[in-house]
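Structural features, examined
One-letter residues, chain by chain:
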Amino acid sequence: MKTIGQLSEALRLREVSSVELVQDALARIAVAQPRFNAFITVDADAALAAARDADAARARGEAGALTGIPIAHKDVLMTAGMRTTCGSRMLAEFVAPYDAHVVTRLRDAGTVLVGKTNMDEFAMGSSNESSYFGPARNPWNPAHIPGGSSGGSAAAIAAALVPGTTGTDTGGSIRQPAAMCGITGIKPTYGLCSRYGLVAFASSLDTPGVFARDALGCALLLDAMAGHDARDSTSLDRPPEDRSRALRESATAKPLAGLRIGLPREYFGDGVDAAVAGAIDTALGALRALGATTVDIGLPAVKHSVPVYYVIAPAEASSNLSRFDGVRYGHRAGHYTDLADMYCRSRAEGFGAEVKRRILVGTYVLSHGYYDAYYLKAQQVRRLIAQDFARAYRDCDVIVGPTAPTAAFPIGAKTDDPVQMYLNDIFTIAANLTGSPALSIPCGCTADGLPIGLQIQGNHFEEARILNVAHRFQQATDWHLRTPPGVESAVRKGGP
Amino acid sequence: MALTSDDVQRLARLARIEIDAGATRDVQAKLDAIFAMIDELLSIDTAGIVPMAHAQDLMLPLREDAVTETDRHALYQQGAPSVAGGLYLVPKVIE
Amino acid sequence: MSWEVVIGLETHAQLSTVSKIFSGASTAFGAAPNTQASAIDIALPGVLPVLNRGAVERAIRFGLAVGATINRRSVFARKNYFYPDLPKGYQISQYEIPVVQGGALTIATDAGEKTVRLTRAHLEEDAGKSLHEGLPEGLTDVSGIDLNRAGTPLLEIVSEPDMRSSAEAVAYARKLHALVMWIGICDGNMQEGSFRCDANVSVRRAGEPLGTRCEIKNLNSFRFLQQAIDYEVRRQIELIEDGGSVVQETRLYDPDRNETRPMRSKEDAQDYRYFRDPDLPPLTLDDAWIERVHAAMPELPEAMRARLVAQHGITDYDAAQLTSSRALVDYYGAAAAALPAKDAAAHKLVANWVLGEFSAARNRSDVAVAAAPVPPAQLAGLLRRIADGTLSGKMAKEVFDALWAGEAAGDDDADAIIERRGLRQVSDTGAIEALVDQVIAANSATVAEFRAGKEKAFNSLVGQVMKASKGKANPAQVNDVLRRRLEA
């Protein structure tokens, strides 16, 4: 599968049309869907129509870098006229009456929407197992999870179904599946991409972002997607940026000369799988070879990020999900005795176990007598964590470590132990608490052939910098170009 | 902090989620495990730390007072569970 | 044993913005169900609130009008509860830090003026409506939800528990009602629910700590406010005197039965789980904006009252009455401006008529000032004829009633009615002297009684002269001439 940059070039040179790319994507999806369950909805007719429009636009000389590129959206983003389920029975039949801001922006940039990807229900999960539509599977080994919550979006790229997808990241939901599936995924600074039309999980943490095979593809998608939106009061009004420009400059011998990489002690201790630790070490060697220096740093409060997250995110979620009451849209129970019973049954039937659990946790930590002990306390520790990062960025430019402590685990391994599941996010949550950008790139694999992800974090608005570090690494390595066994053979002959 | 089954039922009622009596024990056990993890926060010294509600220190933007919306209730009610005469119907509300 | 009544009011004033507090949907009253409920108002998944500047500006205006602190930073929170007219499952409201803090209102009571302190005023969104009647045919055991009202901006104005009787509570509510209309932040239409009160009522024996309070919800007329409080006070006193105790609860007033009863929907112990709304950063106000709002404020009632006494020479009582309503004082001002004379006598004449005949007629026909059939210029046309002696008071009343009944339209139409009805007062001295002489000649016995010192006899003779003139003689002149003739 080619990268977005390569496809963009092929489209520009008329070596391929958007219609051909979309036909190819649809063919691949048809083959792959039973194996990986990466999609919840595919709209072939709409996709082909949009591809024809894109080709026509190109013929008129109105094409941009992304015109005609097939993409898929995580099914938590509203897409007008297309089903938007959030991976939940609650919205299993819900057709969105409007487009999310990022959906509009990517359409305006010429991308062609093929369908909606599988996800953990309401983005709550790290394995995609909480989807009402069944788990998406890891293309590197379908018995393993693809990560979550944006598991379908990551699997769709790893399986070479589409070259780019969107995701959302509340505690690691882009970076962790990117790591599990061996692809590139970035969570930008909070506020850079509008949350309007993103079905809220935890509003102060939810961040739209993107997946692609490589950093350049992510940069192109991110540039198209980012931008101020007056309908989101937390959207930032900043001048537009060209985050791919630095990436397109030709490489020098030491492209990362002068870059100071912070290595947090807390990311390299016990609990990190040996294969993961080894791959990270090797990657650090490669980064040093590119001219970067490394410096040890301490982020002592980061160890509390999982409990902080599991207070703040459920608290906000318990309130955000109150609108799903069976009155105006969504699932309503078939039988009930009165209004209260209708609420209780509709929500009991419409939500899965993990969502219900988090609503109950959130209800508890906000309830009378516990608010100070849990909710305010968590917000105070959130500040301690943010202060750690602010201090660290005085000594380094980026912070690097493993994205997750292990590679993808087998489906079912942790479903009965939520706390073990939560600990998967130990390295990713902090960037959501601080609102700063972070990405994951593939940097190795386990003996079983499962990918390992390297996380690169930067200070607020430093997307261009971390993307450049990732890009230079990818110029020197080929982990991002590897495809799961059997994936290419699923492609019809003659495809791009 | 360990929850009682009454606590679980009280939370379920507050959150309007029915939990069968039979499932209460399992829910309770999983919530207990989660709170055992969360309770690590309680011992952290946070004296004088200002709570952080948001990642960015933003100012609230304001919109001008103008009507920008049109009637779209037919579209919005297409998938509604129960409507009549433009109204959403629910079991009788008792005030 | 004497009981003391303690009352605090929470008033919800719908702010007069054209669009909703967090969406661009219209706030106009009376539209077909859900036609003014936008994606944000019905809480579609993924939508977000954006605050209406007009709502904030009105809150600032209110704060300035009551001498409150305008908080430069205030915070929106979510109040979480499930109710079908609350689409998000939470209400966005200000909780810990409201935009307006403190302030006071002065009310008139039997014992003189009294200050009622305000705790706060905060911005929040209104809920939709649950309809139980008038549903489409054949629907039973259901309620219909109309979300047109959902998201209408509200200013919730909370008083301290400073009122000691239902009369004081009503005086406060009326004063507040007049003020929000005066400063143009609320249309004050109570039938449409633009101004609604919740009353917190408790009783205690003199000198004892505060009793347990009950909250009576949604009182949308001053009469209901008074009746509900009176009922609730009696209920609480009887309960305690019978050895019981008051339970803190939310109650609903039933005007048909004139009683309050507990609200079933509030029976659950409420736990609103307030927390800062992560969709809305703190509201920050800069001094320049507040200064601009301040500069654009209309003259406030108290200041205008003092000015009318000083500049127009009317009594403080009349000035207070006139400034009880923006519409009324504007009417007074327009009528006074249309009169050629600008002295105290002219202003007093206008004030007397606006507060007298005009207000009485308005009350009889139950019409608002703006809808009164006699516009100010027309009243001024009538008053001009009183001032120049053309009309007696009695004649003027007749002309006014004719104007009110719509007998003539136009600014000079008092004159037209005077002409048509031949109501011109006789002020010709010669004519009056002739009448007086006739009456003296025909009533020698009464004249004798007067000369013997009976002052009453004089009034009788005046009456005879007036009768002889068919009521048209100028009474002051008749008095004058008669006394001169009798004492000659």
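In this text the structure is predicted, and so the values were computed from the model without any measurement. (Residues numbered from 1 in each chain as written. Chains lettered and ligands numbered in written order. Predicted model: local features only at pLDDT ≥ 70, side-chain atom pairs only at ≥ 80, totals over all residues. Heavy atoms only, no water.)

A look at the interface of chain B and chain C
A common way to report how large an interface is uses the accessible area buried once the components associate. With 35 residues of chain B at the contact, the number on the chain C side is 57 residues. In total, about 3900 Å² of surface goes out of reach between chain B and chain C, with carbon and sulfur atoms giving 61% of it. In terms of surface lost to chain C, no three residues of chain B exceed B:Leu60, B:Arg63 and B:Glu95, which account for 20% of the buried area on that side. At the boundary of chain B and chain C, one finds one salt bridge. Across the chain B-chain C interface, the total number found is 21 residue pairs in polar contact (both at pLDDT 80 or more). Counting residues per element, the ones that place at least two in the side of chain B that touches chain C are α1 (5-14), β1 (62-63), α3 (73-76) and β3 (87-91) of chain B. (Contact = heavy atoms within 4.5 Å. Buried area = accessible area lost by both parts, 1.4 Å probe. Salt bridge = Lys/Arg side-chain N within 4 Å of Asp/Glu carboxyl O. Polar contact = N/O pair within 3.5 Å; in protein donor to acceptor, adjacent residues only side chain to side chain. Helix = DSSP H or I, 4+ residues; strand = E, 2+ residues; numbered from the N terminus.)

Digging into the layout of surface pockets
All names here are of chain C. Quantified by volume, the second largest pocket comes out at close to 1600 Å³. Taken together, 40 residues make up the lining of the second largest pocket; nearest its centre are Arg-174, His-177, Ala-178, Ser-324 and Ser-325. Listing elements by their share of the lining of the second largest pocket, those giving two or more residues are β8 (104-109), α2 (166-182), α5 (301-312), α6 (316-322), α7 (326-338) and α8 (344-365). Ranked by residue count, the leading element in the lining of the second largest pocket is α2, at seven residues. Tallied by class, the residues present in the lining of the second largest pocket amount to 18 nonpolar, 13 polar and nine charged. Two domains share the lining of the second largest pocket, each providing at least three of its residues, namely domain 1 (3-289) and domain 2 (299-421). (1 Å grid on protein atoms, 1.4 Å probe; cavity = no way out; pocket = protein on both sides within 12 Å on 5 of 7 lines; lining within 4 Å. Points joined across faces, edges and corners; volume = space filled by probe spheres on them. Nonpolar A, V, L, I, M, F, W, Y, C, P; charged D, E, K, R; others polar. Domains from an automatic or database assignment.)

Describing the confidence of the model for chain B
Across chain B, pLDDT averages 94, with 99% of residues at or above 70. Reported confidences for the modelled complex are a pTM of 0.92 and an ipTM of 0.97. (pLDDT = per-residue confidence, 0-100.)

Details of the sheet that holds strand β2 (residues 83-84) of chain B
Strand order across the open sheet formed by four strands is β2(B)-β3(B)-β11(C)-β10(C), with antiparallel pairing between neighbours. The two strands at the open ends of the sheet, each matched to only one other strand, are β2 of chain B together with β10 (129-131) of chain C. Where β2(B) meets β3(B), two bridges bridge the pair, whose relative direction is antiparallel. Its bridge partner lying in β3(B), B:Ala84 is registered against B:Leu87. (Pairing = 2+ DSSP bridges.)

As for the interface of chain B and chain A
With 51 residues of chain B in contact, the opposing surface of chain A contributes 62 residues. Counting each side, the surface lost to burial between chain B and chain A is near 5000 Å², with a carbon and sulfur contribution of 72%. The largest per-residue losses of area from chain B upon contact with chain A belong to B:Lys30, B:Leu41 and B:Met52, which jointly make up 14% of the total buried on that side. Taken together, chain B and chain A are joined by one salt bridge. Measuring nitrogen to oxygen at the nearest pair gives 3.1 Å for the salt bridge that ties A:Asp416 to B:Lys30. On inspection of chain B and its partner chain A, the count reaches 16 residue pairs in polar contact (both at pLDDT 80 or more). Contributions of two or more residues to the side of chain B that touches chain A are made by α1, α2 (21-38), α3 and β3 of chain B. Per-element accounting of the side of chain B that touches chain A gives the leading share, eight residues, to α2(B).

Looking at the packing of aromatic side chains
Residue and element names in this part refer to chain A. Considering all chains together, one arrives at 29 aromatic pairs over all chains under this definition. Ring geometry for Tyr-132 against Phe-133: centres 5.3 Å apart, planes inclined by 80°, an arrangement best described as edge-to-face. Among the residues examined, Tyr-132 registers a relative accessible area of 45% and is labelled partly exposed. Here the aromatic residues Phe-94, Phe-122, Phe-324, Tyr-329 and Phe-351 are joined through ring pairs into a cluster of three or more. Note that Lys-414 overlies the ring of Phe-409, its terminal NZ or CZ placed 4.4 Å from the centroid. (Phe/Tyr/Trp six-rings, centres within 6.5 Å; stacked < 30°, edge-to-face > 60°. Buried < 20%, exposed > 50% of the residue type's maximum accessible area, 1.4 Å probe, protein only. Lys NZ or Arg CZ within 6 Å of the ring centre and 35° of its normal.)

Some details on α2(B)
In this model, α2(B) (18 residues) spans 26 Å end to end at C-alpha, consistent with the 26 Å of a helix rising 1.5 Å per residue. B:Thr24, B:Val27, B:Gln28, B:Lys30, B:Leu31, B:Ile34, B:Phe35, B:Met37 and B:Ile38 are the residues of α2(B) that are buried. In this fold, the buried residues of α2(B) make contact with α10 (305-320), α12 (353-366), α13 (371-392) and α14 (418-422) of chain A together with α1 of chain B. (Expected span 1.5 Å × (residues − 1).)

Considering the sheet that holds strand β10 (residues 438-445) of chain A
All names here are of chain A. Read across the open sheet, the eleven strands follow the order β1-β3-β2-β4-β6-β5-β10-β11-β9-β7-β8; overall the sheet is mixed. The outermost strands of the open sheet, each flanked by one partner alone, are β1 (39-42) and β8 (293-297). Going across the sheet, the axis of each strand differs from the next one's by a mean of 30°, ignoring polarity. Of the pairings in the sheet, the one linking strand β7 (residues 260-264) to strand β9 (residues 398-402) comprises two bridges and is parallel in character. By the bridge assignment, Ile-261 is partnered in β9 with Val-398. Most of the contacts of helix α3 (residues 44-59) go to strand β3 (residues 112-117), to which it runs at about 150°, and overall it touches β1 and β3. Each of β7, β8, β9, β10 and β11 (451-458) touches helix α9 (residues 274-289); the most contacted strand, β11, lies at about 55° to it. (Axes fitted to C-alpha atoms, helices over the stretch in contact; angles between N-to-C directions.)

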